[in-house]
Amino acid sequence: MRLRTLIFSILLTTSSAWAGIVENVRYALAQNNFSAAEAELNTYRNRRGADAEYAEAYSWMARYALEAQHYDQAASYAKETKAVALEQLKQRPLDAEPHLPIALGAALEVQSQVLAGRGQKAQAIALLQSALRTYGNTSIHDRLQKNLNLLSFQGKIAPVLKSDQFLGAPLPSAALLKGSPVLLFFWAHWCSDCKGEAPIIAQLRSEYAPKGLKVIGPTRFYGYTAQIEHARPSDELQYIDAVRHRFYSGLLDMPVPISKSNFETYGASTTPTLVLLDRTGKVAWYHPGAVEYGVLRGELEKVIAR
């Protein structure tokens, strides 16, 4: 219900008279009106055909059906979304425009989550591994990796973080971290949810530091800042540091390794992404998205108690 409530609150201010097909479909689905959403899609398809924007809009049918755990519907919508996306791929590369990768990424995500929801975890993992082999060099890599990590990351030794550049304290070696629980806080300079999560993490770090908790905050360059559309790495680095000082004042001594590679490996297509490692360096908990204080504290307690 969280997804529906959030989107509905945003879209209440949007007039469907001028919104695009994606917004119109999301508005209808936020009101749990699948019939209206389908009517919007049919009208659009009759006028403009099953193009990439249509595919993205249709993917929301699959996502909402999945959220409601209507697995048959979700699978059907995802299959149709994927079929439309693959037709579009015959005409253009995946990342030639923004709608197509969103649509295909969502279709594959829903298909894997439907399989997992039906207890077919091995099949879900195989689907995502196959998709990564096919689309691993495109913009949907991190999204696919995120979904694969959700199914298979727990209990594995955490990949070593890379640090092309860093802010804050230097990145500790794996040897120095051994024996300590570690919270990885993947964040982005543009991410409002990350800024909201920072005080929670700062508070929990102060509470659990005596028990050995370490916090590391990986981030990456995105190629722009709030002021510069196409920013040089040096300019973006200065901007990231300014954001860090303004919104992450309680975590200024947190090591901040800056590398796109970390986001790819950990599938951090969602920010924040939180990854909790136990004292042996294994992944104990993997969570894309913001987390409330009580939930994160509960996960920390499990690791600290081991």
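Whatever comes next refers back to the structure up there.
Residues numbered from 1 in each chain as written. Predicted model: local features only at pLDDT ≥ 70, side-chain atom pairs only at ≥ 80, totals over all residues. Heavy atoms only, no water.

1. Things to note about the pattern of salt bridges
- According to the stated counting rule, one finds 12 salt bridges in the structure shown.
- The salt bridge partner of K146 is E109, with a shortest N-O separation of 3.6 Å. Here K146 is found in helix 8 (residues 141–152), whereas its partner E109 is found in helix 6 (residues 99–117), with 37 residues between them in sequence. For the pair formed by K146 and E109, the shared burial category is buried.
- Residues joined in a network through salt bridges with shared partners are E109, R143 and K146. (Salt bridge = Lys/Arg side-chain N within 4 Å of Asp/Glu carboxyl O. Helix = DSSP H or I, 4+ residues; strand = E, 2+ residues; numbered from the N terminus. Buried < 20%, exposed > 50% of the residue type's maximum accessible area, 1.4 Å probe, protein only.)

2. Section: helix 11 (residues 233–247)
- Given a rise of 1.5 Å per residue, 15 residues ought to cover 21 Å, and the 21 Å separating the end C-alpha atoms of helix 11 matches this to within 8%.
- E236, L237, Y239, I240, V243 and R244 are the residues of helix 11 that are buried. With its buried residues spanning 165 degrees around the axis, helix 11 presents them on a single face. Away from the buried face of helix 11 by more than 90 degrees, exposed residues Q238 and R246 are located.
- Contact partners of the buried residues in helix 11: strand 1 (165–167), helix 10 (192–208) and strand 4 (256–258). (Expected span 1.5 Å × (residues − 1). Arc of directions from axis to C-beta. Contact = heavy atoms within 4.5 Å.)

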